[in-house]
Amino acid sequence: MSNVEQTAGTGTKAEIRAYVEENFLYMHPGMEVSDTDNLMALGVMDSLSFVELVEEVQERYGISVQDVEITEENFGSIGALAAYIEGKKA
Amino acid sequence: MCGIAGIVRPDGARPVEEIALRRMARAVRHRGPDGFGLALGQSAGFVSTRLAIFDIQHGWQPMQSDAGGTLIVYNGEVFNHPELRAELARDGINLETTSDTEVVLRLLERDGLAALDKLNGQFAFAWWEPGPRRLTLVRDRFGIHPLHWTLLDDGTIVFGSEAKALFASGEVAAEPDLGGIDDVFTTWAPRAPRSAFRGVNMLPPGELIVWEGGRIVAERTWWKPDYSPRTEEAGDIEPIMRSSVELRLRADVPVGTYLSGGLDSSLTTALAKEASDHQLRTFSVAFKDPHYDERAHQHEVAEKLGTDHHVVDVGPEEIAGAFPDVVWHAETPLIRTAPVPLYLLAKATREQGITVVATGEGADELYWGYDLFKEVVARNAAMANPDDAVEIFSELYPYFEATGAARGPAWAKFFLEAGPADDPLFSHQTRVAATAGVKAFYADDVTQLTAAEDRLGQLRGSLPPEFASWSPLEKAAYLEVTTLLGPYLLGPQSDRVAMAHGVEARYPFLDHRIFEHSVRLQPDGKLQGLHDKIAVRDLARTVLPDGIAARTKQPYRAPQAAPFFEGNPPEWVDELLSPGMLDATGLFDPAKVAGLVRRCRAGRATGYREGMALVGVLSTQVWHERFCGPHADVFPPEEGEPQVFIKQGIDQALERV
């Protein structure tokens, strides 16, 4: 992985983290969430907030999310989502 | 329409004090601003505040059939009372008044509780038989009018139209009921017999209880929404609907209509216009925010029908300003501000001299107009072919704003993965999931306590045995009638905000004959694909322009979080959402709420989920402060001479016995 790609990846991940913290994590004061923690399993997100997250991703990054792509592998954690977005942008 | 209340003790117990009854009358005076009456015996007392609609001069309550006879305090209207009066006359029973109250009393004396089946109307009443010292409390079929009661440790029963009458008695404390509050954040309102107050029962729609000797000796369902197959044909809706509207125009005062601009209220108004013998007056809520506003449609209908139209323009200041009083009248936490504009509408209606209005409520539940019914169809179809359903989902619930961005495939996934089809609550899983967002703000101990009660398990357990045999859409209709229409739409969003100003709302679609028609009607007479309320639209086309009859539903709603933070919000908002006040109430976690408030203040909590959460938390705080806090409302006694004062009569029967 090149340095440039790493920086870009970190940027997206930071943006996603900031979005999750601002919109959802405030409801869980004191909770630490790693890049690999499952957001649904932790209760950070529920089914309706997940809709908001996917809408945000499409809007912010200008990408079209296909229904088959809405998987735990792509959207389960902050890290997974950042990687998915990077992949879609590539 | 009136407010009623009373206290009855086991025989030989301490007396009921007049001062307590006067406080109870004061607590429900808004329901009956025209005067009050009082009946007082040794250990039984009843009070009524009256909104005079039939037999203005003579229809005062409490009403006793004869000295020492049975007695009634009654809130509501029986619209077919002239026909029932004629029936009584044929039996040689001649009445002294032309009020519906006396008709109900005499029918009860003649037929007992079998009389209820004859009543076409909306009512909640208490019937006292002094001989056996028996008290019967009854509520109408759909739960249009409220009735609360509690049984004290000594066997005393205290009842009232509203819970505040019970608190005014001085014998019932206002304390939160976590289960009732959790109901609000599950299906939008406490589910009777639960209320938001511990130990205060709300009589469920279509039910009655009988108190005797210090205990409840009978609880009975005398009517319920039954979707079992019918052998009779539905027939045409038109004659029943016209009859229903005509019955609901009966009054000794002018009747107006509420006009939202949608199909149901437009049809109600059109039929009322045809049947009315005076210039029909219509009343509408308009919003300063065009996002919510329907005034163009309202004006179109009013102009077409030639009504005398009155509009109440509602903005954020009005919503925030009236919110605490609305919560006080609703007596429950709320998840929507939508009752507030209707409170302001009732106020304006009263100021315009109208005390009775007909509305279009009920059509969406009976004729499957809500998106929820289409969602049921789509989710069932998706099991066979998911691709077909995704497009339908994108059309549903336009008010379910999330980020404001275009709806993605997660939207369809939200529906498709809401829950299994064999769950009896299948149709309501998405609503429950969306509403539960408020629970994320609970304090930790509240989360644990409410989770232990298994709210949805209780709801499943309350379903009638025949429920399993009904179609998915019939199941959805039953749940919609019993969890939303009665507990929320007819309560906090209708009766409570109208009666706050002494305005009676009447509902032509909630005539039980219309319900029967809707059940007999084949499914395709209600819903065909995404085309809803087929029979209602067919009727509407005969009295309204096609454009109005074909209008798709715009759900009635009002701005949620913004009124409490933008512009010049009232100071009490910050105060009630402060950590200290949240801790004092003990229901929500101050740290979590602080995050929500920060987002609201920054204008970022614009979605459905957070708007509902803010209204839920704020209304709970208002509710707690007004009812349970150290500065809760205390009721002064009603002053002056009552219009009716029965002091000896109800004891004479005791002497006879």
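### Focus on the overall build of chain A
Thought 1: Counting its regular elements, chain A contains 5 helices and 0 strands.
Thought 2: Listed N to C, the secondary structure of chain A is α-α-α-α-α in terms of helices and strands.
Thought 3: Looking at chain A residue by residue over its 90 residues, the buried ones come to 48%.
Thought 4: Excluding contacts between residues fewer than 6 apart, the proportion of contacts in chain A whose partners are at least 24 apart in sequence is 52%.
Thought 5: About 4,500 Å² of surface is accessible on chain A, with carbon and sulfur atoms providing 52% of the total.

### Re the environment of Asp182(B)
Residues and elements named next belong to chain B.
Thought 1: Tracing the backbone through its elements, the reader meets Asp182 in helix H5 (residues 178-187).
Thought 2: A C-alpha to C-alpha distance of 9.3 Å links Asp182 and Val446, two positions 264 residues apart in sequence.
Thought 3: With residues up to four places along the chain from it excluded, the contact list for Asp182 reads Lys439, Tyr442, Thr450 and Arg455.
Thought 4: At a separation of 3.0 Å, a polar atom in the side chain of Asp182 contacts the side chain of Arg455.

### Considerations on the packing of helix H18 (residues 472-489) of chain B against helix H19 (residues 491-499) of chain B
Residues and elements named next belong to chain B.
Thought 1: Remark: H18 packs on H19, axes separated minimally by 5 Å, with the N-to-C direction vectors making an angle of 25 degrees. As far as their axial angle goes, H19 and H18 are roughly parallel. Residues Gly486, Pro487, Tyr488 and Leu489 of H18 form the contact with H19, whose participating residues are Gly491, Pro492, Gln493 and Ser494.
Thought 2: Split into classes, the residues belonging to the contact of H18 with H19 amount to 4 nonpolar, 4 polar and no charged.

### Section: the sheet that holds strand S16 (residues 356-358) of chain B
Residues and elements named next belong to chain B.
Thought 1: Read from one edge of the open sheet, 5 strands run S15-S14-S13-S16-S17, paired in parallel fashion. The sheet is open, and its two borders are formed by strand S15 (308-314) and strand S17 (504-506), each paired with just one other strand. Each neighbouring strand pair of the sheet contributes to a mean axis angle of 30 degrees, computed without reference to strand direction.
Thought 2: Summarising the sheet, strand S13 (residues 255-258) and S16 pair through 3 bridges and their orientation is parallel. Bridge pairing in S16 places Val255 opposite Val356.

### A few points about the pattern of salt bridges
Residue and element names in this part refer to chain B.
Thought 1: Enumeration over the complete set of coordinates arrives at 70 salt bridges over all chains.
Thought 2: One salt bridge in this structure joins Asp532 and Lys374, with 3.0 Å as the shortest N-O distance. In this pair, Asp532 sits in strand S19 (residues 531-532) while Lys374 sits in helix H12 (residues 371-384), placing the two residues 158 residues apart along the sequence.
Thought 3: The class for Asp532 is buried, based on a relative accessible area of 4%.
Thought 4: Counted as one network, the salt bridges with shared partners bring together Asp177, Asp182, Asp183, Arg194, Lys439, Glu453 and Arg455.

### Structural notes on the interface of chain B and chain A
Thought 1: Listed as interface residues are 28 residues of chain B and, on the opposing side, 23 residues of chain A.
Thought 2: Summing both sides of the interface, chain B and chain A together bury roughly 2,100 Å²; the carbon and sulfur share of this comes to 61%.
Thought 3: Applying the counting rule to chain B against chain A returns 4 salt bridges.
Thought 4: Counting the contacts that link chain B with chain A gives 7 residue pairs in polar contact (both at pLDDT 80 or more).
Thought 5: When residues of the side of chain B that touches chain A are assigned to their parent elements, the largest contribution, 6 residues, is made by helix H25 (residues 590-601) of chain B.
Thought 6: Partitioning the side of chain B that touches chain A into residue classes produces 15 nonpolar, 5 polar and 8 charged.

### Topic: the sheet that holds strand S5 (residues 71-78) of chain B
Residues and elements named next belong to chain B.
Thought 1: Pairing within the open sheet is antiparallel, and its 6 strands lie in the order S4-S5-S6-S7-S11-S12. Since the sheet does not close on itself, it has two edges, and those belong to strand S4 (63-64) and strand S12 (215-221), each with one partner.
Thought 2: As judged from the 2 bridges shared by S4 and S5, these two strands associate in the antiparallel manner. The residue of S5 that forms the bridge with Gln64 is Leu71.
Thought 3: Contacts from helix H3 (residues 100-111) reach S4, S5 and strand S6 (121-129) within the one sheet, and its direction differs from that of S5 by about 120 degrees.

### Some words on the packing of helix H9 (residues 316-330) of chain B against helix H26 (residues 608-627) of chain B
Residue and element names in this part refer to chain B.
Thought 1: Their axes nearest at 9 Å, the elements H9 and H26 cross at an angle of 70 degrees. Relative to H26, H9 is oriented roughly perpendicular. Between H9 and H26 lies a crossing of right-handed hand. Along its contact with H9, which presents Phe323, Pro324, Asp325, Val327 and Trp328, the element H26 presents Val615, Leu618, Ser619, Val622, Trp623, Arg626 and Phe627.
Thought 2: Tallied by class, residues from the contact of H9 with H26 come to 9 nonpolar, 1 polar and 2 charged.

Rules used throughout
- Residues numbered from 1 in each chain as written.
- Chains lettered and ligands numbered in written order.
- Predicted model: local features only at pLDDT ≥ 70, side-chain atom pairs only at ≥ 80, totals over all residues.
- Heavy atoms only, no water.
- Helix = DSSP H or I, 4+ residues; strand = E, 2+ residues; numbered from the N terminus.
- Buried < 20%, exposed > 50% of the residue type's maximum accessible area, 1.4 Å probe, protein only.
- Contact = heavy atoms within 4.5 Å.
- Areas by Shrake-Rupley, 256 points an atom, 1.4 Å probe, with all protein chains shown as cover.
- Polar contact = N/O pair within 3.5 Å; in protein donor to acceptor, adjacent residues only side chain to side chain.
- Axes fitted to C-alpha atoms, helices over the stretch in contact; angles between N-to-C directions.
- Parallel < 35°, antiparallel > 145°, perpendicular 65-115°, else oblique.
- Nonpolar A, V, L, I, M, F, W, Y, C, P; charged D, E, K, R; others polar.
- Pairing = 2+ DSSP bridges.
- Salt bridge = Lys/Arg side-chain N within 4 Å of Asp/Glu carboxyl O.
- Buried area = accessible area lost by both parts, 1.4 Å probe.
- Left-handed = near helix turned anticlockwise from the far one by under 90°.

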